[in-house]
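Architecture at a glance
Residue-level listing of the chains:
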Amino acid sequence: MNWDLLLTHASLATFVGEASYGLITDAAIACQDGRIAWIGAMRDLPAASAAAALEVHNLEGALVTPGLIDCHTHLVFGGDRAQEFDLRLNGASYEDIARAGGGIVSTVRATRHASEDELLAQSLPRARALLADGVTTLEIKSGYGLELEAERRMLRVARRIGETLGVHVQTSFLGLHALPPEYKDRRDDYVALVCNALLPVLANEGLVDAVDAFCEGIGFTRAETQRVFEHARQLGLRVKLHAEQLSDLDGAALVAEFGGLSADHLEYLSDAGIQAMARAGTVAVLLPGAFYALRETKLPPVDALRSHGVAMAIATDCNPGTSPLLSLRLAANMACTLFRLTPEEALRGVTVNAARALNLSDRGTLAVGKRADLVAWQVRQPAELCYWVGGGLVRQVWLGGVAVNAAA
């Protein structure tokens, strides 16, 4: 068999096994038909197969990792909320802005007024920025439409981003994100609309990979969230949840009860919620960009998550209001500096654990049979990816073994 791609003399952070970073130095990795076909030390490289490889690159000691995975974004939206950034710096809280008609609802207005092509044009540069930062898989949520046609446009744009850039996009339906203005005094009617009309229609159209909700005092109650989760289960869809960001509504335990993929944010997570997540295998997705942008002071309970063996992922939470962050590598740096994760924890959080948070078992590590989504970096040690603040460190990205132009 002729390999399509062979990378030689690399340092490979495989994230396989218990060794630090799963690191193999002076190593090679070969790809065939979009999958990793061989991996190991240079001294073990089969000479005949290497000689027959169609494309060979000597990386001269550069670091190679799995493609990064951004497992929580709100990347598709209309407009921006730079004015709210100004308001927060002049003393307004996130809750103040939301209750005054800003926040999520202001983005809903802009998104509803944008056509599908306009949404794509606004969103593609954000996706390209993530690709330029080494992201090869990303999750994109709906939730800025809050009615059928606008939610459909958002999810279609998410799919089109994947088709345009070649990155893998997982979609999450976030109908319970905010109460739309037309349902201001009819909460129960809106939850019913989400359960009985929006979710089943969009799922039937193949636009929904998972179901999410914002379980919070300024969002939706635990009971309302449970109703949507029950309908998701009937449709065979996995669930995840914005939980315990601003208060503890026991959302993490709820999503764990449904075998949820992840609970995200978690600054106010209780020990009972941690134990429920540990039992269910629910991933904790930490979002340091929102913590930073909101100037939050309550840290997520990282030590307790560690002690209970809960896998921790890191994501950008890219959104217009509370985390306008376009670098997953910077999110990993923030997780280290703000939350005191180790560089290895942070990097596992944007690879193998992020893959778990999206129920994607075919990526996130460098191993035979995994997708050949690879990033070669202009560094030699894995910790450098968390150490450097800013700057372009990507040397080359391969999507399914095919080199892509990752320039933003």
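Check the entry above for the structure.
Residues numbered from 1 in each chain as written. Predicted model: local features only at pLDDT ≥ 70, side-chain atom pairs only at ≥ 80, totals over all residues. Heavy atoms only, no water.

**Description of the packing of helix α5 (residues 116-132) against helix α6 (residues 148-165)**
Contact geometry for α5 and α6: axes closest at 9 Å, N-to-C directions at 50 degrees. As summarised for this structure, α5 and α6 are arranged oblique, according to the angle between their axes. For the crossing formed where α5 meets α6, the hand is right-handed. Across the interface between the two elements, E116, D117, L119, L120, S123, L124, A127 and R128 from α5 touch R153, M154, R156, V157, R160, I161, T164 and L165 from α6. Residues that form the contact of α5 with α6 fall into these classes: eight nonpolar, two polar and six charged. (Axes fitted to C-alpha atoms, helices over the stretch in contact; angles between N-to-C directions. Helix = DSSP H or I, 4+ residues; strand = E, 2+ residues; numbered from the N terminus. Parallel < 35°, antiparallel > 145°, perpendicular 65-115°, else oblique. Left-handed = near helix turned anticlockwise from the far one by under 90°. Contact = heavy atoms within 4.5 Å. Nonpolar A, V, L, I, M, F, W, Y, C, P; charged D, E, K, R; others polar.)

**A word on the pairing of strand β11 (residues 262-265)**
Bridging between strand β10 (residues 238-243) and β11 involves four bridges; their strand directions are parallel. By the bridge assignment for β11, L241 is matched with A263. As for the winding sense of the linkage, the β-α-β connection from β10 through helix α9 (residues 251-257) to β11 is right-handed. Where β11 and strand β12 (residues 283-286) come together, three bridges link them in parallel fashion. Counted as the bridge partner of D264 is V285 from β12. Following the chain from β11 across helix α10 (residues 271-280) to the adjacent parallel β12, one finds a crossover that is right-handed. (Pairing = 2+ DSSP bridges. Right-handed = clockwise from strand over helix to strand, strands pointing away.)

**Section: the packing of aromatic side chains**
Taken as a whole and judged by the stated rule, the model has eight aromatic pairs. Ring geometry for F291 and F339: centres 5.1 Å apart, planes at 85 degrees, overall edge-to-face. Taken together, the positions of F291 in helix α11 (residues 288-293) and F339 in helix α13 (residues 328-339) put the pair 48 residues apart, joining distant regions of the chain. Put simply, the rings of Y183, Y190 and F220 pair up and form one aromatic cluster. (Phe/Tyr/Trp six-rings, centres within 6.5 Å; stacked < 30°, edge-to-face > 60°.)

**Let's talk about the side chain of H242**
Of note, H242 is situated in strand β10. Classification of H242 as buried rests on a relative accessible area of 4%. The residues contacting H242, other than those within four sequence positions of it, are H72, H74, K141, L174, D212, A213, F214, C215, D264 and H265. (Buried < 20%, exposed > 50% of the residue type's maximum accessible area, 1.4 Å probe, protein only.)

**Examining the sheet that holds strand β13 (residues 312-314)**
Overall, parallel pairing links the eight strands, which are arranged β6-β7-β8-β9-β10-β11-β12-β13 in an open sheet. Among the strands making up the open sheet, the edge pair consists of β6 (68-70) and β13. When strand polarity is set aside, the average angle formed by the axes of neighbouring strands in this sheet is 25 degrees. Here strand β8 (residues 168-176) runs beside strand β9 (residues 210-215); their pairing, made up of three bridges, is parallel. Bridging from a neighbouring strand, L176 pairs with A213 of β9. Helix-sheet contacts for helix α8 (residues 222-234) involve β8, β9 and β10, and the interaxial angle to β9 is about 175 degrees.

**Observations regarding unusual backbone geometry**
Phi at D250 takes a positive value of approximately 65 degrees, unusual for a residue other than glycine. For D250, the position within the fold is in the loop between β10 and α9. Although it is not a glycine, R340 sits at a positive phi angle of roughly 65 degrees. In this structure, R340 sits in the loop between α13 and α14 (343-349). Given the relative accessible area of 61%, R340 is considered exposed.

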